[in-house]
Structure formats: C-alpha cells, structure tokens
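Structural characterization, general
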Protein chains: 2
Amino acid sequence: MMKQVLVDMDGVLADVYSQFSRLELGETGTVIDIESLYGKLESEAFPNYEKHVRSTNFFRTAPVIPDSVGGLKYLNEKYNVLIVSSATEFPDSLKEKVEWLNEHFPFIKWQQIILCGTKNSIKGDIMIDDHPKNLDYFEGKKILFSQPHNMYMVKDDCTRVNTWQDIINIL
Amino acid sequence: MMKQVLVDMDGVLADVYSQFSRLELGETGTVIDIESLYGKLESEAFPNYEKHVRSTNFFRTAPVIPDSVGGLKYLNEKYNVLIVSSATEFPDSLKEKVEWLNEHFPFIKWQQIILCGTKNSIKGDIMIDDHPKNLDYFEGKKILFSQPHNMYMVKDDCTRVNTWQDIINIL
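Residues numbered from 1 in each chain as written. Chains lettered and ligands numbered in written order. Predicted model: local features only at pLDDT ≥ 70, side-chain atom pairs only at ≥ 80, totals over all residues. Heavy atoms only, no water.

**What about the interface of chain A and chain B?**
Taken together, the contact between chain A and chain B spans 21 residues of the former and 21 residues of the latter. A buried area of about 2100 Å², summed over both sides, lies between chain A and chain B, and 61% of it is on carbon and sulfur atoms. On the chain A side of the contact with chain B, Trp 110, Ser 121 and Lys 123 of chain A bury the most area, a combined 29% of that side's loss. On inspection of chain A and its partner chain B, the count reaches 2 salt bridges. The closest approach of N and O atoms between Lys 95 of chain A and Asp 92 of chain B, which form a salt bridge, is 2.7 Å. No other element matches helix H5 (residues 91–104) of chain A, which puts 5 residues into the side of chain A that touches chain B. Of the residues in the side of chain A that touches chain B, the class split is 10 nonpolar, 7 polar and 4 charged. (Contact = heavy atoms within 4.5 Å. Buried area = accessible area lost by both parts, 1.4 Å probe. Salt bridge = Lys/Arg side-chain N within 4 Å of Asp/Glu carboxyl O. Helix = DSSP H or I, 4+ residues; strand = E, 2+ residues; numbered from the N terminus. Nonpolar A, V, L, I, M, F, W, Y, C, P; charged D, E, K, R; others polar.)

**Details of the environment of Gly 11 of chain B**
All names here are of chain B. By the element assignment, Gly 11 lies in the loop between strand S1 (4–7) and helix H1 (16–28). Sequence separation between Gly 11 and Leu 41 is 30 residues; the distance between their C-alpha atoms is 11 Å. Beyond its immediate chain neighbours, meaning those up to four positions away, Gly 11 contacts Val 16, Ile 65, Asp 130, Phe 145 and Gln 147.

**Digging into unusual backbone geometry**
If a residue is not glycine, its phi is most likely negative; likewise, a peptide bond is most likely trans. All names here are of chain A. In this model, Asn 57 sits at a positive phi of 75°, which is unusual for a non-glycine residue. Looking at the secondary structure, you find Asn 57 in the loop between helix H3 (49–53) and helix H4 (68–78). The class of Asn 57 is partly exposed, set by a relative accessible area of 35%. We note that Asp 67 has phi near 70°; this positive angle belongs to a residue other than glycine. One can find Asp 67 in the loop between H3 and H4. Taking relative accessible area as the criterion, Asp 67 reaches 55% and is therefore assigned exposed. (Buried < 20%, exposed > 50% of the residue type's maximum accessible area, 1.4 Å probe, protein only.)

**Some points on the confidence of the model for chain A**
For chain A, the mean per-residue pLDDT works out to 95, and 100% of the residues sit at or above 70. Interface confidence for the predicted complex, given as ipTM, is 0.95, next to a pTM of 0.96. (pLDDT = per-residue confidence, 0-100.)

**Observations concerning the state of the cysteines**
Inspection of the entire model under this criterion finds 0 disulfides over all chains. No disulfide involves Cys 116 of chain A; its sulfur sits 9.9 Å from that of Cys 116 of chain B, the nearest cysteine. (Disulfide = S-S within 2.5 Å.)

**Some remarks on the packing of aromatic side chains**
The final tally for this structure, using the stated rule, is 16 aromatic pairs over all chains. Consider the rings of Tyr 38 of chain A and Tyr 152 of chain A, whose centres lie 6.1 Å apart with planes at 75°: the pair is edge-to-face. Note that Tyr 38 of chain A is positioned in the loop between helix H1 (16–28) and helix H2 (42–45) and Tyr 152 of chain A in the loop between strand S5 (141–145) and strand S6 (158–161), a separation of 114 residues in sequence. For Tyr 152 of chain A, a relative accessible area of 62% corresponds to the exposed category. On the basis of an interplanar angle of 45° and a centroid distance of 5.6 Å, the ring pair of Trp 100 of chain B and Phe 105 of chain B is categorised as tilted. (Phe/Tyr/Trp six-rings, centres within 6.5 Å; stacked < 30°, edge-to-face > 60°.)

**Section: H5 of chain A**
One full turn of an α-helix is made of 3.6 residues, so residues set three or four places apart face in the same direction. An ideal rise of 1.5 Å per residue puts 20 Å on 14 residues; H5 of chain A measures up with 21 Å between its terminal C-alpha atoms. Check the buried side of H5 of chain A and you find it contacts strand S2 (80–86) and strand S3 (113–116) of chain A together with helix H5 (91–104) and strand S3 (113–116) of chain B. (Expected span 1.5 Å × (residues − 1).)

**Focus on the relation of the copies chain A and chain B**
When chain A is brought onto chain B, the operation consists of a screw motion whose angular component is 180° and whose axial shift is 0.0 Å, with 0.0 Å RMSD remaining. Such a combination of turn and shift is consistent with a two-fold rotation axis. (Least-squares fit on C-alpha atoms with pLDDT ≥ 70 in both.)

**Overview of the pattern of salt bridges**
One pass over the structure, following the stated rule, counts 22 salt bridges over all chains. Its salt-bridge partner being Glu 27 of chain B, residue Lys 51 of chain B comes within 2.6 Å of it at the nearest N-O pair. With Lys 51 of chain B in helix H3 (residues 49–53) and Glu 27 of chain B in helix H1, this residue pair connects regions lying 24 residues apart in the sequence. Look at Glu 27 of chain B and you get partly exposed, because its relative accessible area is 37%. Close ionic contact of Lys 119 of chain B with Asp 129 of chain B constitutes a salt bridge, the shortest N to O distance being 2.8 Å. Of the two residues, Lys 119 of chain B is situated in the loop between S3 and strand S4 (126–129) and Asp 129 of chain B in strand S4; the sequence distance between them amounts to 10 residues. For the pair formed by Lys 119 of chain B and Asp 129 of chain B, the shared burial category is buried. Beyond isolated ion pairs, a larger network of salt bridges with shared partners links Arg 60, Lys 95, Glu 99 and Glu 103 of chain A together with Asp 92 of chain B.

Structure representation (structure tokens):
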C-alpha cells in the first residue's frame, strides 16, 4: 500500500509571504525585506495581516511556491497525497482554496482535499508543513518546509527542507 | 482523555431529505412520499438532485434534524467532537456549511470542523454517519443514523439509531 503524505497549502504550495508583501506594498508603499521577518509569524510580520488574510481573493490569487507543481506531481504518482489545510477559521478562503488547487494542481482530485481547523486528527505517514505546531502532534515522518517564521527553530524530530527539490531528493 | 466522536452533517445534523423534497415540490409540484424512497440514494431518489445540490443556499438553508442541537450539545460536553463532512466535491457548499453550523450549533468551534473529500483518513473512536461507505473504513465504534437510503441495509458491525435520543441513550 502506498504511504500517505499530508501536504500543507499555505507556506508549502502557496507563497503567502509574497502575497502579504505584495498587498502591504500596495497598501502602504512599504517594501518588506523578507530576511527582516525571520522568526516572526505572519500575523506579527505584516502590519495589515488581519485585513489582508480575510480579504476576498487573498488565497485565490496567491503565487505558487517555486517548483511545487512538479514536486507535488512527483509525490502524487509515488504516494497517496492528501492536501491538508487549516482553513475553517476563514470561511471565505474555503472555496478559494479549492479553486486555487484546481487551477494550479489540476491532478489533485477533490477526494484528496481536507480543509480543517486543526490537523491533529488526520492520518498519514509523512507530513510536510511549515508550522511546527502542526508537525508537533504528528506521529509519522515530519518535514519542516522553511519559511521566514520558522528559520530560527531547531526541531530535532523534523527534517528541514528549503525547496521542493529538497523534498524530491528525500521522498 | 476524552474519546473522539466524528459526527456527519448531511443526514445526521442537516435534514437534506426534507430540503430536497421542498425544492422538488417547488420545482415540479410533486409531493414526495419519503417511504417510497427507502433503499435509494439521494441522487437516485430526487429527479433534480444534481441541480438542487449545487444550487446556492441548498446547504445554508437546510432544516436541522430534530433534537440534533440538544444531542450534539450533550456529546460536545462529554466527548471531543469533530464535525466531519464530505464537502470538497461541492466548493460552493463549504462556506455555507460553516455558516450553517455557526447559526444552529454555535457551541461548535471552527477548530472542530473538517470538510473533506473522503473520511477514511480522519481519526476517531466513534463515528456517527448515515452512509455505510463512510462507516465501512472506520476502525472504531460505528453508529448508523437511519435515513431512507440505508433503511434496508443490514450492517452487523454498526449500531443503528433512528433519532438523536437514541444516540444520547447509547453514548
């Protein structure tokens, strides 16, 4: 039986830092230096976080993380892939996330999508996520995808990856 | 630690048969005798199923199953409750389902809601569902909530309940 891989959306497939930066630039004219955000959660890093994360089309128009399309296609042929996204806190994001996946990752079927509040009740063998709070509860192999907020974290029980090429190399 | 109960929405909390019957009556003037639908899936029972299930507000305005509010409140105090609904096939239903839960079951938090494609990757100790296809994959205690489509089914590994009072009596 194929192993099951749980793949996060925001910060692993969707480049939400770029999306926040773009909106912040449009709103305030401020160019944000990503390295200055190391160690800060998105909600701490972006002054207009609450407004932007709840705005229409925030998730629908998010850029795709480089190489994630080819990377996820590779995983989808070798593993049983589930896309698992924390989303029920933002009801407007739900449809946007499904449509976004349909556009950029058309090989992912609706049967493979889970939109939840917390991820600690989803079964899997491997989890790829940028948030240690999700990986902490997971009992299988934990892969931490580098994002500015987790750059200073040392997690001995996780394998850190910086790119989708890194994921392909180890899975 | 509290046991985890997975509670289905359509057919357990939301009275989708009544909703389909109401819409069918409005569309064609046909009064549908529920007993005549025994053994038929919703998609077989209602001539305009596809049109209605995908129509705006179908889920948002569905009636609540009798006694489910008090019953779910009871479960929510005694168990770790997760609402698990097959929904990603119908992207327009996603926000409607969260809003419907917020309206009728305000004690359910967004952290407790899982909207998925298939339910076989959700962990739990007890599952309440009207669809045997969901219960079949489940490893814990299986509770089959009676609905017309499952009335002729004999499932030895499930406990059949006809009402929310039955659920309270056994859980």
